[in-house]
Amino acid sequence: MKFTGIERQLNILDYALHSLARRPGRHLSITFIFALVIFLVASFQMVTASLKHSADVLLKTAPEITVQKMVAGRQVMMRVGDMARVGKVFGIKEIYPRVWGYHFAARNGANYTIIGLDPARQRQLPPYLDGVKMPLAPGEAIVGLPLAKLLDLGGRRVFSLARGDLSLKSFRLAGTFPAASDILTGDLLVTNIADARDLLGMKADEITDICVSVANPAEVRTIAGKISRVMPGTRVLTRDQIRKTYQAVFSWRSGFGSICLLTALAAFFILAWDRASGLSAGERRETAILKVLGWQTTDIITLRFWEGGAVATMAFLLGVMAAWLHVTIGAAALFRPVLMGWSVLRPNLELVPVTRVSDFIIVFTFTVLPYLAATVIPAWHSATVPPDAAVR
Amino acid sequence: MHLAGGTRRPSLRYFALITAIFSAVVVLYISQTRMMTAARGREAGMRELVRILQLTDLCISTEARYTRNPAVTELTVAFQDHPDSLEHFPSGSFWTPPIMEKK
């Protein structure tokens, strides 16, 4: 009987599936482990793609240029008078100071980010805050929702935070940021500039850094270069650099991601190679019998290819599907402990899946193709052995 | 051994199973578009918040200042406390150091 090309492949696939079914425990365990590896790789790819997307679209309105003063490799406070020096650079549209800093709450071990905001900017906030009267009165503050929950105020509106000298600074809760903005405001406490300075222990003329808006966006880099020449000892960051940082931060080079996932992949391929190259006596006898029956070397390689392909395809689809559910419905629950570490304040991350077809192709290329190579090449070695030698 | 014809062929049953799982993956992938549209509706307001509050970073990890604000942190973050100090915050292993643009 002579079979057509497709019929011949289907027959070999039928035989391959029968062959897999003869050792269900072994092949199901390989499929499960393979699906697990693909799940980890695809989850990592999806989580980082989502975070990179969020940074890219949300930080489009970050300050065009940020100027920080550095001493001995650390950021130190600037003076209001420094703004006049920056203002000498031609092409600047607006200069505005930022007063912000970190507050460690010994009571609960959390780090808050304190931002002092001038009344003009406070008046622009109301569309996002229901029922908060702007500008804020002295001592009033707006906080992120996770921070409000952590403060556990119950029905109270007043709370106190400790200054650096351990004296208490009282605030009245004016409102909270919406839950949807947690990825931006989760740990924020926004108050008046004077109150922020008071809590952070800053002097009346001190500012944390300077933000610059440029008249012509095409000149941002040029003006950033001029600012660094006018103010030596400063670090000048452009918006592009900030956005690029996030593209680099969540890359495959990130320590945990690469080490954990590459270790898992290496372990799997060692397993695949070991099992495939160390063909059992039964499998060698099977190969010999098939050759005696008239199977060609190419038929046996095709058989092993279909065996590996059936396992890999099933594992790939299951792994990708589980990863998608893990990231979207499960909010990347497996990665969150590492991504957030010992953070006491944990913003609610709503990860939007932004996976492209190319991401699937990358995962496929890094997982399925090496596996097929790891199973077919040893099969080719065993299939080229004379059948009588294999049977003996 | 069953080598030809019939609906009981393992290969055809296997293709049916793979097609079913593949269809589920495609449905999930298409539903992503709907989720992205909903997210896009919120993004304009969020960008406005970034502009008003002059934010430079996302709030993801709050355990250390260089993971809270990686874009504006010092460049010596891994050794910020002492030249011999090693990274010890768990989330620090997830993040690469900030990049410096070549001049």
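Above this note sits the structure.
Residues numbered from 1 in each chain as written. Chains lettered and ligands numbered in written order. Predicted model: local features only at pLDDT ≥ 70, side-chain atom pairs only at ≥ 80, totals over all residues.

Observations regarding the overall build of chain B
Counting secondary structure elements, chain B contains two helices and zero strands. Relative to its 103 residues, chain B shows a buried fraction of 28%. Of the contacts formed within chain B by residues at least 6 apart in sequence, a portion of 34% connects residues at least 24 apart. (Helix = DSSP H or I, 4+ residues; strand = E, 2+ residues; numbered from the N terminus. Buried ≥ 20, exposed ≤ 12 C-beta atoms within 10 Å, placed from the backbone. Contact = placed C-beta atoms within 7 Å.)

Notes on the interface of chain A and chain B
Interface size is often expressed as the accessible area that is lost when the parts come together. The interface is formed by 75 residues belonging to chain A together with 54 residues belonging to chain B. Sort the elements by how many residues they give to the side of chain A that touches chain B and helix α12 (residues 297–328) of chain A lands first, with eight residues. Each residue belonging to the side of chain A that touches chain B can be placed in one class, and the counts come to 42 nonpolar, 24 polar and nine charged. (Nonpolar A, V, L, I, M, F, W, Y, C, P; charged D, E, K, R; others polar.)

Remarks on the environment of A:Trp342
Structurally, A:Trp342 is set in the loop between α13 (336–340) and α14 (357–383). Sequence spacing of A:Trp342 and A:Gly109 is 233 residues, and the spatial spacing of their C-alpha atoms is 9.7 Å.

Here's the deal with the pairing of strand β1 (residues 65–71) of chain A
All names here are of chain A. The pairing of β1 with strand β11 (residues 209–214) spans three bridges and is classified as antiparallel. When the bridges of β11 are listed, Val67 appears paired with Ile210. Here β1 pairs with strand β12 (residues 234–238) via five bridges, running antiparallel. Bridge pairing in β12 links Thr66 to Leu237. One ladder, built from three bridges, connects β1 with strand β2 (residues 74–76); its direction is antiparallel. (Pairing = 2+ DSSP bridges.)

A word on the environment of A:Ser160
Residue and element names in this part refer to chain A. With respect to the secondary-structure elements, Ser160 resides in strand β7 (residues 158–162). Given 11 C-beta atoms within a 10 Å radius, Ser160 is considered exposed. Taking the C-alpha atoms as reference points, Ser160 and Arg8, 152 residues apart in sequence, are found 78 Å from one another. Excluding its chain neighbours within four sequence positions, the residues that come into contact with Ser160 are Leu168, Lys169 and Ser170.

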